[in-house]
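Listed below are the residues making up each chain.
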Amino acid sequence: DSGIRGLAPNATMDHYVFEPCGYSMNGIENDGAMTIHVTPEDDFSYASVEFCCYDHGMIGSNPHAIVRKILDVFGPNQASVSLSV
């Protein structure tokens, strides 16, 4: 329901929902890896999404499209992005 599966539709995912709140997921597809960590808090929430080695895998190789999909899933008020190549 969250839309996370749409970021990596063919990945094998291992995820965990923390009590009382929080979420962690690791996904693998071919040579690529993805990780998501969500920490909801009363005053703010934090979501971290990282991809590694997905040149032609999970969600493509266009950084703008990847960031747009992530922002659509999480709908943050603010976001910071870093890209390492």
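As shown above, the structure is provided for reference.
Every value quoted in this text rests on a predicted model; they were computed, and no experiment measured them. (Residues numbered from 1 in each chain as written. Predicted model: local features only at pLDDT ≥ 70, side-chain atom pairs only at ≥ 80, totals over all residues. Heavy atoms only, no water.)

A. The arrangement of the overall build of the chain in detail. A tally of regular secondary structure across the chain gives two helices and four strands. The order of α-helices and β-strands along the chain, N terminus first, is α-β-β-β-β-α. Over its C-alpha trace the chain gives a radius of gyration of 13 Å, about what one expects of a compact globule, namely 12 Å for 85 residues. Expressed as a percentage of the 85 residues in the chain, the buried residues total 26%. (Helix = DSSP H or I, 4+ residues; strand = E, 2+ residues; numbered from the N terminus. Rg over C-alpha atoms; globule rule 2.2 N^0.38 Å. Buried < 20%, exposed > 50% of the residue type's maximum accessible area, 1.4 Å probe, protein only.)

B. Seen up close, the side chain of Ser-24. Summarising the element assignment, Ser-24 is placed in strand β2 (residues 23-29). Only 2.9 Å separates the side chain of Ser-24 from the side chain of His-37, close enough to count as a polar contact. When neighbours within four sequence positions are excluded, Ser-24 is seen to be in contact with Asp-14, His-15, Tyr-16, Phe-18, Ile-36 and His-37. (Polar contact = N/O pair within 3.5 Å; in protein donor to acceptor, adjacent residues only side chain to side chain. Contact = heavy atoms within 4.5 Å.)

C. The packing of aromatic side chains, seen in detail. Applying the stated criterion across every chain yields a total of one aromatic pair. When the centroid spacing of 4.7 Å and the interplanar angle of 75° are considered together, the rings of Tyr-16 and Phe-18 count as edge-to-face. (Phe/Tyr/Trp six-rings, centres within 6.5 Å; stacked < 30°, edge-to-face > 60°.)

D. Expanded view of the environment of Ala-33. Secondary-structure assignment places Ala-33 in strand β3 (residues 32-40). The exposure class assigned to Ala-33 is partly exposed, which follows from its relative accessible area of 34%. Here the alpha-carbon distance between Ala-33 and Asn-10, two residues 23 residues apart in the chain, equals 12 Å.

E. Fine view of the nonpolar core. Among the nonpolar cores identified, the biggest contains 12 residues, and these are Ile-4, Leu-7, Ala-8, Ala-11, Met-13, Tyr-23, Met-25, Met-34, Ile-36, Val-38, Ile-66 and Ile-70. For this core, the secondary structure elements donating two or more residues are α1 (4-7), β2, β3 and α2 (63-74). Ranked by the residues each element gives to this core, the list is headed by β3, at three residues. (Core = buried A, V, L, I, M, F, W, Y, C linked by side-chain atoms within 4.5 Å.)

F. Spatial organisation of the sheet that holds strand β1 (residues 12-17). Overall, antiparallel pairing links the four strands, which are arranged β1-β2-β3-β4 in an open sheet. Of all the strands in the sheet, just β1 and β4 (45-52) have a single pairing partner and so form its edges. On average, adjacent strands in this sheet sit at an angle of 5° to one another, irrespective of strand direction. With seven bridges connecting them, β2 and β3 associate as antiparallel partners. Within the sheet, the bridge partner assigned to Tyr-23 lies in β3 and is Val-38. (Pairing = 2+ DSSP bridges. Axes fitted to C-alpha atoms, helices over the stretch in contact; angles between N-to-C directions.)

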